[in-house]
Amino acid sequence: MKFKQEAEFWFIVGSQHLYGEEALQQVAAHARQMADGFNAAGRLPARVVYKLVATTSDAIEQVIEDANYDKRCAGIITWMHTFSPSKMWIRGLVKLQKPYLHLHTQFNREIPNEGIDMDFMNLNQSAHGDREHGFIGARLRLARKIVVGYWEDAAVQQKMASWMRVALGVMDSRQLKVARFSDNMRDVAVTEGDKVEAQIRLGWSVNTYPTGELVSYIEAVSEAEIDAMMAAYEEKYTMHTDQLASVRYQAKLEVAIQKFLEQGGFEGFVNHFDDLYGMKQLPGLAVQDLTAQGYGFGPEGDWKVAALARVMKAIAQGDDQGTALMEDYTYNFAPNGESLILGAHMLEVCPSVAAGRPKIEVHPLGIGGKDDPARLVFEGKAGSAITASLIDMGGRMRLIVQDVKAVKPILPMPNLPVARVMWKPLPDLETAAEAWILAGGAHHSVISYSVTAEQLADWAEIMGIEYVHIGSDTNIAAFKQQLFLMDMAWKLK
Ligand code: MN
């Protein structure tokens, strides 16, 4: 499973003709040097391409139209080396459809004591030019990221990289296809949602296919294909069962599901344990191994969590420390703010969050009435992470993001036959769960050790959906007031 395109980011540097041709040549030379420097530093997830020194409305409109239509362009990065009157940016910026980073930096790090004269002042005035540029972004109400600091500093480039990853997630989101095998679990509310609204806002194309169509793919899988998949399992996982026929059936499911998804161009999929007509097991190991390769998955028909998982994997691409479907399962209450959540699912947690080498095991499943499914069993790793949930509030989507501290599970739980992750939500379980429930967060979520709350806030802003954060500074009274005010604001939008 690959992330689709070679993405690039366009560096557009603003100036004007007031300072003469020589100054514009210097601006262009500096801009080229900066783009080369960004690419050589090795911190950015994609290439920065210097485009032009923009000095007229025509040129600005043209480069933004080109950015909109260029499939490789994941976003634009603007910087005003000199003053660049912003009324001439309006014609272009009103058309902008790509993510927008305003880099507020300057070519020189320090003020040169002897070198500073009026020519230097005219050439190096981004402190002044970027304020003019910032005003027009504010006036146009554009979604934008502003990164401030010296362009060669690691911290600045890391902030750029973090936002660029969000833009890669936007690119993935806008062409994301999810296949649903079966509909939503009967009577469950939070996994439902408006698929038309999701496609308008987020670009997600979500459509249902009969389980029987997948079964025809399953029946066509050859023994040789199963053998090859079993060999791949043996490389990645420890076989902790002698019920190899069960494991081989999951291999068969994986080959079939992957073929179906590849042929249809899907990056995510959904199933439902109550509709496995013609299948012998609920896909467990098969789903886990597919999600480790970058697919998003949602159980019980939950297409929102499948697509969100895929988008978060796209944001983390190339450097994913673990991003997985998760479900708040049960609590370990303890005094002094040390209560913990045990997260798991029936089977389908992605092994990218595993602390060690996962084991393949076969155990009965209490629901669904099918054969005992093979699955990966492992402990989740310790570390800082987030959990995220996307819900449909009726008229808008709300993204809820929770900061968590994952820990090594405090109990071995030898009779629990599924993957498990344990974490403390910040500031503490009692406050965090109250806030999560007030906001309407689902039982399904996506946990990620790579994607940050700031990245999802940026993603939500670009996509035009509501964003709610729960973290160390969450205060319930203020949080309730925020939900109340946001509800009014979104109704007015
Ligand atoms: Mn579930």
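So, here is what we can say about the structure in this document. It should be emphasised that the depicted structure is a prediction, and the values quoted were computed from it without experimental measurement. (Residues numbered from 1 in each chain as written. Predicted model: local features only at pLDDT ≥ 70, side-chain atom pairs only at ≥ 80, totals over all residues. Heavy atoms only, no water.)

1. Description of the overall build of the chain
So, point 1. A tally of regular secondary structure across the chain gives 15 helices and 19 strands.
So, point 2. For 493 residues, the compact-globule estimate of 2.2 N^0.38 gives 23 Å, and the chain sits close to it at 25 Å.
So, point 3. Its C-alpha atoms give the chain principal-axis dimensions of roughly 80 × 55 × 40 Å.
So, point 4. Within the chain, buried positions represent 56% of all 493 residues.
So, point 5. A separation threshold of at least 6 residues defines the contact pool for the chain, and within that pool the share at least 24 residues apart is 79%.
So, point 6. Element-wise, carbon and sulfur atoms account for 52% of the exposed surface of the chain, whose accessible area totals about 20,900 Å².
So, point 7. Distance from the positive charge centre (48 side chains) to the negative charge centre (61 side chains) of the chain: 2 Å. (Helix = DSSP H or I, 4+ residues; strand = E, 2+ residues; numbered from the N terminus. Rg over C-alpha atoms; globule rule 2.2 N^0.38 Å. Buried < 20%, exposed > 50% of the residue type's maximum accessible area, 1.4 Å probe, protein only. Contact = heavy atoms within 4.5 Å. Areas by Shrake-Rupley, 256 points an atom, 1.4 Å probe, with all protein chains shown as cover. Lys, Arg positive; Asp, Glu negative; His and termini not counted. Charge placed at Lys NZ, Arg CZ, Asp CG, Glu CD.)

2. Focus on the sheet that holds strand E6 (residues 177–181)
So, point 1. The sheet built from 4 strands is open, its strands ordered E7-E6-E9-E10 with parallel pairing. Edge strands, defined here as strands with exactly one partner in the open sheet, are strand E7 (205–209) and strand E10 (296–298). The sheet shows a mean angle of 20 degrees between the axes of neighbouring strands, direction not considered.
So, point 2. With 3 bridges joining them, E6 and strand E9 (residues 268–270) adopt parallel strand pairing. (Pairing = 2+ DSSP bridges. Axes fitted to C-alpha atoms, helices over the stretch in contact; angles between N-to-C directions.)

3. What about the coordination of the manganese ion?
So, point 1. At 2.1 to 2.3 Å from the manganese ion lie its protein donor atoms, namely Glu300 (OE), Glu327 (OE), His345 (NE2) and His444 (NE2).
So, point 2. Between the donor residues of the manganese ion, the gaps in sequence give the motif E-x26-E-x17-H-x98-H. Pair noted here: Glu327 is in strand E11 (residues 323–332) and His444 is in strand E18 (residues 444–448), with a separation of 117 residues, a long-range link. The same class applies to Glu327 and to His444, which are both buried. (Donors = N, O, S within 2.8 Å, 3.2 Å for Na, K, Ca; no water.)

4. A short note on the sheet that holds strand E8 (residues 238–239)
So, point 1. If you trace the 3 strands from one edge of the open sheet to the other, you get E8-E13-E14, paired in mixed fashion. Each of the sheet's edge strands pairs with one partner strand only, and the pair in question is E8 and strand E14 (374–377).
So, point 2. Here strand E13 (residues 359–362) pairs with E14 via 4 bridges, running antiparallel. Bridge pairing in E14 links Val362 to Ala374.
So, point 3. Strands in contact with helix H11 (residues 285–292) are E13 and E14; relative to E14, the strand with the most contacts, it is inclined by about 50 degrees.

5. Overview of the environment of Gly75
So, point 1. Its place among the elements puts Gly75 in strand E3 (residues 73–80).
So, point 2. Relative accessible area serves as the criterion here: at 0%, Gly75 is assigned to the buried category.
So, point 3. Each C-alpha atom of the pair Gly75 and Met164 lies 7.7 Å from the other, and the pair is 89 residues apart in sequence.

6. Comments concerning a nonpolar patch on the surface
So, point 1. On the surface, a cluster of nonpolar side chains totalling about 410 Å² of accessible area is made up of Ile111, Ile116, Met118 and Met121.
So, point 2. Following the sequence through the fold, Ile116 ends up in the loop between strand E4 (100–104) and helix H4 (118–123). (Patch = residues over 30% accessible without salt bridge, like charges linked within 9 Å, V, L, I, M, F, W, Y side chains within 5 Å. Salt bridge = Lys/Arg side-chain N within 4 Å of Asp/Glu carboxyl O.)

7. A short note on unusual backbone geometry
So, point 1. Looking along the chain, the bond that leaves Leu426 and enters Pro427 is cis, with omega of 5 degrees.
So, point 2. Within the secondary structure layout, Pro427 lies in the loop between strand E17 (420–425) and helix H13 (429–439).
So, point 3. With phi around 80 degrees, Ser182 is a residue other than glycine that occupies positive phi space.
So, point 4. Counting through the fold element by element, Ser182 comes out in the loop between E6 and helix H7 (195–202).
So, point 5. The class for Ser182 is buried, based on a relative accessible area of 11%.
So, point 6. For Asn336, which is not glycine, the phi dihedral falls at a positive 60 degrees.
So, point 7. Structurally, Asn336 is set in the loop between E11 and strand E12 (340–344).

8. Quick word on the side chain of Ser389
So, point 1. On the secondary structure map, Ser389 appears in strand E15 (residues 383–392).
So, point 2. Setting aside residues up to four positions removed in sequence, Ser389 forms contacts with Leu308, Arg398, Leu399, Ile400, Trp436, Gly441, Ala442 and His444.

9. Quick look at helix H1 (residues 21–41)
An α-helix turns once per 3.6 residues; consequently, residues spaced three or four apart project the same way.
So, point 1. An ideal rise of 1.5 Å per residue puts 30 Å on 21 residues; H1 measures up with 30 Å between its terminal C-alpha atoms.
So, point 2. Every buried residue belonging to H1 is among Ala23, Leu24, Val27, Ala28, His30, Ala31, Met34, Ala35 and Phe38, and all of these are buried. Around the axis of H1, the buried residues are gathered within 165 degrees of arc, so they sit on the same side. In H1, those exposed residues whose orientation departs by more than 90 degrees from the buried face are Glu22, Gln25, Asp36 and Ala40.
So, point 3. Packing partners of the buried residues in H1 comprise strand E1 (8–14), strand E2 (47–54), E3, E4, H4 and helix H6 (154–173). (Expected span 1.5 Å × (residues − 1). Arc of directions from axis to C-beta.)

10. Thoughts on the nonpolar core
So, point 1. With 128 residues, the main nonpolar core has Phe11, Met160, Trp204, Leu399, Leu456 and Trp459 as its most contacted residues.
So, point 2. With 19 residues, the next largest nonpolar core counts Trp10, Ala54, Met80 and Tyr100 among its residues. (Core = buried A, V, L, I, M, F, W, Y, C linked by side-chain atoms within 4.5 Å.)

11. Remarks on the packing of aromatic side chains
So, point 1. Within this structure, the stated rule accounts for 15 aromatic pairs.
So, point 2. Taking 6.0 Å as the distance between ring centres and 55 degrees as the angle between the ring planes, the aromatic pair formed by Tyr150 and Trp151 counts as tilted.
So, point 3. By relative accessible area, Trp151 is classed as buried at 3%.
So, point 4. Here the aromatic cluster, defined as three or more aromatic residues joined through ring pairs, consists of Phe11, Phe38, Trp79, Phe107, Tyr150 and Trp151.
So, point 5. The ring of Trp10 has Lys51 sitting right over it, with the charged end atom 4.0 Å from the ring centre.
So, point 6. The lysine or arginine in question, Lys381, covers the ring of Tyr449, its NZ or CZ lying 5.7 Å from the ring centre. (Phe/Tyr/Trp six-rings, centres within 6.5 Å; stacked < 30°, edge-to-face > 60°. Lys NZ or Arg CZ within 6 Å of the ring centre and 35° of its normal.)

Just distances and angles here, no functional claims.
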